[in-house]
Amino acid sequence: MGEEDKLIKKRKGGFRVYIKQKWKGGLGMYIKRFVKHYYIMLIPALLWLFFFSIVPMFGIVMAFQDYNPGQGILHSKFVGLENFKYMFQMNDVKQVLCNTVVIAVGKIIGNIIFPLIFALLLNEFCIKRLKRPIQTIVYLPYFLSWVILAKIVLNIFGYTGPINQLLEAFGGNPINFFGEPSLFQPLVIGTDIWKGFGYNTVVYLAAILGVDQSLYEAAAADGAGRFKRIWHITLPGIRTTVALLAILSLGNVLNAGFDQIYNLYNPLVYSTGDIIDTWVYRAGLENLQYSLATAVGLFKSVISVILIVIGYKLADKFTGYKLF
């Protein structure tokens, strides 16, 4: 063994001894203390999860009971699947399911197509200095709650709002937008797209930035114009991201947005605007039909879980995306 090899071995041995000494001298204690504090920090979140997400699941049993608040969950009469049978016999529930699917599917499609088109246009925008301000402006509504945005939307489309004033200026008659059942669903879908427009645009812009720039240079050298570069390079380059977002959205088919619709709808538009969540809220808390409302909510949750599982399976199959 040469002198150089002996020196290396000595250094390695010295390093191991140094680490052992440091570990015994306080490094190990410091790491253990850090891990201990980390778990202590998790306690509030775990308590919140337990009391507000796990304990309330015991109330699912009301879906199989003729629940009486005076007798409580433990002593109310057990009726099996009677609430579910009654649920499927009600015309209201059928209409609510139809409204939920139409609104949710419209939101999913709109939140894929419109932000994608805007991201492609913004990416090709010539004035680079205006890109960030435009992106910030369209992103702003995403940070506002529907309590605030609903008030803004109701004022804009109100009977004396700027939209109706514009219609009157051109000789038209004012329209009660949120009092017309036929207009409520398009307005709900459109305003939801407006709220999430900026966030979805950022996602697509990030995907576009990941496309190999040398492909654009080669295409430009071959004489390809902007449209051909978008069609043959950009879209194929981000199709995995688009497909992934579309597939993962399957789990939201029965989630049409309680916050938004509850703050926008009224009895005049129940026929087209009432969704599962708002119907359960009114049936359970306002009409005191606790068992029926729980049955409808449980039905929705089961279908949503199935759709989420299917969505992740499809995402794994077609895009290679795995959550765990």
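Here's what I pulled together on the structure shown here.

Reading guide: rules and limits
- Residues numbered from 1 in each chain as written.
- Predicted model: local features only at pLDDT ≥ 70, side-chain atom pairs only at ≥ 80, totals over all residues.
- Heavy atoms only, no water.
- Salt bridge = Lys/Arg side-chain N within 4 Å of Asp/Glu carboxyl O.
- Buried < 20%, exposed > 50% of the residue type's maximum accessible area, 1.4 Å probe, protein only.
- Helix = DSSP H or I, 4+ residues; strand = E, 2+ residues; numbered from the N terminus.
- Phe/Tyr/Trp six-rings, centres within 6.5 Å; stacked < 30°, edge-to-face > 60°.
- Lys NZ or Arg CZ within 6 Å of the ring centre and 35° of its normal.
- Contact = heavy atoms within 4.5 Å.

What follows is about the pattern of salt bridges. Under the definition given, this model contains four salt bridges. Across the salt bridge formed by Arg282 and Asp274, the nearest N and O atoms sit 2.0 Å from each other. This pair shows no difference in class: Arg282 is buried, exactly as Asp274 is. With its nearest N and O atoms 2.8 Å apart, the salt bridge here joins Asp277 to Lys300. Here Asp277 is found in helix α13 (residues 276–286), whereas its partner Lys300 is found in helix α14 (residues 290–319), with 23 residues between them in sequence. The exposure class of Lys300 is buried, given its relative accessible area of 11%.

Turning our attention to the packing of aromatic side chains. Scanning all chains against the criterion turns up 19 aromatic pairs. A ring pair is formed by Tyr262 and Tyr265, whose centres lie 6.4 Å apart and whose planes are at 45°; its orientation type is tilted. Residue classification places Tyr262 among the partly exposed residues on the basis of a relative accessible area of 34%. The interplanar angle of 45° and the centroid separation of 5.1 Å between the aromatic rings of Tyr265 and Tyr270 together place this pair among those described as tilted. The class of Tyr265 is buried, set by a relative accessible area of 11%. Put simply, the rings of Phe258, Tyr262, Tyr265, Tyr270 and Tyr281 touch in pairs and so form one group of aromatic residues. Lying over the aromatic face of Tyr142, Lys195 brings its terminal NZ or CZ to 5.4 Å of the ring centre. Note that Arg282 overlies the ring of Tyr270, its terminal NZ or CZ placed 4.2 Å from the centroid.

This part is about α13. Ile276, Thr278, Trp279, Arg282, Ala283 and Gly284 are the residues of α13 that are buried. Backbone geometry just downstream of α13 places Leu288 in the positive-phi region, at approximately 60°.

Looking now at the side chain of Thr278. On the secondary structure map, Thr278 appears in helix α13. The buried category is assigned to Thr278, whose relative accessible area is 0%. Discounting residues that sit within four places of it in the chain, Thr278 has contacts with Phe258, Ile261, Tyr262 and Tyr265.

All right, on to the environment of Phe184 then. One can find Phe184 in helix α8 (residues 181–209). Given a relative accessible area of 0%, Phe184 falls into the buried group. Counting along the chain gives 89 residues from Phe184 to Gly273, while the straight-line C-alpha distance between them is 6.5 Å.

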